[in-house]
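One-letter residues, chain by chain:
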Amino acid sequence: MKQIFVWGVLLVAMQIPLSVDAAPIKVITTTEDLAAITREIGGDRVQVDFIAKGVQDPHFIEAKPSYMLKLSRAKLFVQVGLGLEAEWIPSLLMGARNVKILRGRNGHVDASEGVALLEVPRERIDRSAGDVHGQGNPHYWLDPLNGKQIARNIAAGLKRIDPEGKEQYDQNVIQFSRRLDAAMARWSEAMKPFKEKKVITYHNSWPYFLRRFGLMAVGYVEPKPGIPPSSSHLIQLIERIKEEKVKIIIVEPYFNSKTPQFVARKSGAKVVVLPPSVSKATGMTDYFQLFDHIVATLTTALE
Ligand SMILES: [Zn+2]
């Protein structure tokens, strides 16, 4: 009896949850960025895992059985949406046979909900033509202020699954948004001297970021998102870079830098490898570190 009492005191003192319900909620996100934000909002109430690593091209991920297993066990599923994962997530979801995380159900979060989108086509674009941005540009997490809306969407999903955590999730959204505002002031200050600078990017991943900080892309190595460049396209691009006096070609780390290096040599611009995602592999493990790194790299390159 005495022993049970001692254990009881210990458990209370250590705040060890006694009920089985207190097991963390399993959340699976498609990308590492969404996993990082889910961790900020979910805190110790959630256990977060992701499918696409930040160093991989999120449009093209190889569907593996292990991903299906993760999805089959998830209570909440968070995706970027807008067709970013269209090449690989439908088959994984089908294989996972977890109806509770399908679109429209309580366990599904489309993080793009309520985000002001860029480049939404007036007419439906046929995916068979290869363009992977058919529903508007899906790289919206690269505007740090969109992080707030992503956080609210994730919190809404968590509250559906775990209403008891409502207060904690709401508080975490407030804290996260405040920290973003504070960091934003720092990033804006650092980027200020580079307003209206023109850049070339490999893939059209950066319109939200560039718009937020007042820069602009005047061309892309890919003629259309997801389509490899032809030599005639590259010749035009080299001319464009010379005409517009573009200093840098931004390349996402998962593209081969051979073609951009060639364009750089012919045009006098330089290649800057810029990671568009949180990634454990590159040491940027949260949303703030990602933008710290992007801003530091860009400001050095554009100086
Ligand atoms: Zn894209």
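Each value, and the rule that gives it
Residues numbered from 1 in each chain as written. Predicted model: local features only at pLDDT ≥ 70, side-chain atom pairs only at ≥ 80, totals over all residues. Helix = DSSP H or I, 4+ residues; strand = E, 2+ residues; numbered from the N terminus. Buried ≥ 20, exposed ≤ 12 C-beta atoms within 10 Å, placed from the backbone. Contact = placed C-beta atoms within 7 Å. Domains from an automatic or database assignment. Nonpolar A, V, L, I, M, F, W, Y, C, P; charged D, E, K, R; others polar. Pairing = 2+ DSSP bridges. Axes fitted to C-alpha atoms, helices over the stretch in contact; angles between N-to-C directions. Right-handed = clockwise from strand over helix to strand, strands pointing away. Parallel < 35°, antiparallel > 145°, perpendicular 65-115°, else oblique. Left-handed = near helix turned anticlockwise from the far one by under 90°. Core = buried A, V, L, I, M, F, W, Y, C linked by C-beta atoms within 7 Å.

Here's the deal with the overall build of the protein chain
Inference 1: Helix and strand counts for the protein chain stand at 10 helices and 8 strands.
Inference 2: Principal axes of the C-alpha set define a box for the protein chain whose edges measure 85 × 40 × 30 Å.
Inference 3: Taking all 303 residues of the protein chain together, 39% fall into the buried category.
Inference 4: Within the protein chain, contacts between residues separated by at least 24 positions form 62% of all contacts whose residues are at least 6 apart in sequence.

Let's talk about unusual backbone geometry
Inference 1: Located in the positive-phi region is R97, a residue other than glycine, with phi close to 50 degrees.
Inference 2: With respect to the helices and strands, the residue R97 is situated in the loop between α4 (89–96) and β4 (108–110).
Inference 3: What makes R97 exposed here is the crowd of 9 C-beta atoms within 10 Å.
Inference 4: Notably, K245 is not glycine yet its phi reads approximately 50 degrees, a positive angle.
Inference 5: With 10 C-beta atoms packed within 10 Å, K245 lands in the exposed category.

Brief notes about the domain arrangement of the protein chain
Inference 1: Taken as a whole, the protein chain is organised into domain 1 (10–183) and domain 2 (184–302).
Inference 2: Computed from C-alpha coordinates alone, the two centres of domain 1 and domain 2 are separated by 26 Å.
Inference 3: With 30 residues of domain 1 in contact, the opposing surface of domain 2 contributes 30 residues.
Inference 4: Elements supplying a minimum of two residues to the side of domain 1 that touches domain 2: α2 (32–42), α5 (146–161) and α6 (166–191).
Inference 5: Here the side of domain 1 that touches domain 2 is composed, by residue class, of 12 nonpolar, 10 polar and 8 charged.

Description of the sheet that holds strand β5 (residues 198–201)
Inference 1: Pairing is parallel across the open sheet formed by 4 strands, whose spatial order is β6-β5-β7-β8. Strands at the two margins of the open sheet, each flanked by one partner only, are β6 (216–220) and β8 (270–273). Here the average twist between neighbouring strands, direction ignored, is 35 degrees.
Inference 2: Running over the sheet, helix α8 (residues 231–244) touches β5 and β6 and is turned about 150 degrees from β6.

Comments concerning the pairing of strand β7 (residues 248–251)
The two faces of the sheet receive side chains in turn, since in a regular strand these alternate between them.
Inference 1: Across the two faces of β7 the burial is the same, with I248 and I250 and I249 and V251 all buried.
Inference 2: Taken together, the 3 bridges between β5 and β7 define a ladder with parallel strand orientation. Bridge assignment links V199 to a residue of β7, and that residue is I248.
Inference 3: Two strands pair when backbone bridges link them, and β7 and β8 are joined in this way by 4 bridges, in the parallel orientation. If you follow V251 over to β8, its bridge partner there is V273.
Inference 4: In this fold, β7 hands off to helix α9 (residues 258–267), which returns the chain to β8; that crossover is right-handed.

So, the packing of helix α3 (residues 65–73) against α4
Inference 1: Running from N to C, α3 and α4 point in directions that differ by 60 degrees, and their axes come no closer than 8 Å. The angle between the axes of α3 and α4 places the two elements in the oblique class. The interaxial crossing formed by α3 with α4 has right-handed handedness. Counted together, Y67, M68, L71 and S72 of α3 and L92, L93, G95 and A96 of α4 form the full contact between these two elements.

Comments concerning the sheet that holds strand β2 (residues 46–52)
Inference 1: If you walk across this open sheet you meet the 4 strands as β2-β1-β3-β4, and the pairing is parallel. The open sheet is flanked by β2 and β4, the only strands paired with a single partner. Direction aside, neighbouring strands of the sheet carry axes that sit 20 degrees apart on average.
Inference 2: Direction of pairing for strand β1 (residues 25–31) relative to β2: parallel, over a ladder of 6 bridges. Within β2, the position partnered with K26 by the bridge is Q47.
Inference 3: On the sheet, α3 packs against β1, β2 and β3 (76–79) and is oriented at approximately 135 degrees with respect to β1.

Some thoughts on the nonpolar core
Nonpolar side chains in soluble globular proteins tend to be buried together.
Inference 1: With 76 residues, the main nonpolar core has I41, L71, I154, I200 and I249 as its most contacted residues.
Inference 2: Looking at this core element by element, the count peaks at 7 residues for helix α10 (residues 287–302).
Inference 3: Both domain 1 (10–183) and domain 2 (184–302) contribute no fewer than three residues apiece to this core.
Inference 4: Leave out the neighbours within four places in its chain, and I200 touches A217, V218, G219, Y220, V221, L237, I241, V246, I249 and A269.

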